[in-house]
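Residues per chain, in single letters:
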Amino acid sequence: MTLSELQRHLERRGLRTTQPRLRLLQFFVETDGHFTPEEIAERFRLAGEPIPIATLYQNLRVFSEHGLVGEVIGSGGEVRYDTNLTPHSHLRCNGCGTLLDVALALPDLQPQGQGHDWQITGARVELQGICPACQATAARGPEPTL
């Protein structure tokens, strides 16, 4: 996205255009994944463009409230920001905590019994398992000690 496209994207959401917001939006447009604020801050620092952590937290909150990023809870209970805004589910490794976006064909999710009269507007599904790398590590067995 060009700078003017990023600006228009913020303006359509009713947000003021600031340099930190433009940089953060560009990061999310160009990057796939699920990031903690600290991971985002480190990427900006390594790129030679640090963003004050308070500014970063404030803008992540605003982006989440305005639907520019999603939030997902990481394996350690930390909030991670999801760049994928299309409907999707998550697959989490119980070994290493890797989090992947997956597309699932879900059945009708209308609750039975209590809640049957609710109008469902969305669902979050998280599958848990062991990733191929952790399976391979487990198959090799423990490392020998000296």
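Note that the structure is predicted; figures quoted are calculated from it, not measured.

### Quick word on the packing of aromatic side chains
Logical step 1: In this structure the tally under the stated criterion is 4 aromatic pairs.
Logical step 2: With centroids separated by 5.2 Å and ring planes inclined at 65°, the aromatic side chains of F27 and F35 adopt a geometry described as edge-to-face. Exposure class is identical for F27 and F35. Each is buried.
Logical step 3: Here F27 and F44 contribute two aromatic rings whose centre-to-centre distance is 5.7 Å and whose plane-to-plane angle is 45°, an arrangement assigned as tilted. Here F27 is found in helix 2 (residues 19-30), whereas its partner F44 is found in helix 3 (residues 37-46), with 17 residues between them in sequence.
Logical step 4: Judged by its relative accessible area of 10%, F27 is buried.
Logical step 5: Cluster of aromatic residues (ring-pair linked, three or more members): F27, F28, F35, F44 and F63.

### Observations concerning the domain arrangement of the chain
Logical step 1: Along its sequence, the chain is carved into domain 1 (1-85) and domain 2 (87-109 + 122-145).
Logical step 2: The centre of domain 1, based on its C-alpha atoms, is set 25 Å off from the matching centre of domain 2.
Logical step 3: When the two sides are added together, the surface that domain 1 and domain 2 hide from each other amounts to roughly 690 Å², 45% of it contributed by carbon and sulfur.
Logical step 4: The largest per-residue losses of area from domain 1 upon contact with domain 2 belong to H34, S75 and N84, which jointly make up 52% of the total buried on that side.
Logical step 5: Here domain 1 and domain 2 share 0 salt bridges between them.
Logical step 6: It is strand 2 (residues 70-73) that contributes the most residues to the side of domain 1 that touches domain 2, 3 residues altogether.
Logical step 7: Residue composition of the side of domain 1 that touches domain 2, by class: 3 nonpolar, 4 polar and 2 charged.

### Here we look at the pairing of strand 5 (residues 99-102)
Logical step 1: Inspection of the sheet shows strand 4 (residues 89-93) paired to strand 5 by 4 bridges, in the antiparallel sense. Across the sheet, L91 pairs through a bridge with L100, a residue of strand 5.
Logical step 2: The antiparallel pairing of strand 4 with strand 5 creates a hairpin that spans 5 residues between the two strands, and G97 there sits at a positive phi of about 85°.

What counts and what doesn't
- Residues numbered from 1 in each chain as written.
- Predicted model: local features only at pLDDT ≥ 70, side-chain atom pairs only at ≥ 80, totals over all residues.
- Heavy atoms only, no water.
- Phe/Tyr/Trp six-rings, centres within 6.5 Å; stacked < 30°, edge-to-face > 60°.
- Buried < 20%, exposed > 50% of the residue type's maximum accessible area, 1.4 Å probe, protein only.
- Helix = DSSP H or I, 4+ residues; strand = E, 2+ residues; numbered from the N terminus.
- Domains from an automatic or database assignment.
- Buried area = accessible area lost by both parts, 1.4 Å probe.
- Salt bridge = Lys/Arg side-chain N within 4 Å of Asp/Glu carboxyl O.
- Nonpolar A, V, L, I, M, F, W, Y, C, P; charged D, E, K, R; others polar.
- Pairing = 2+ DSSP bridges.

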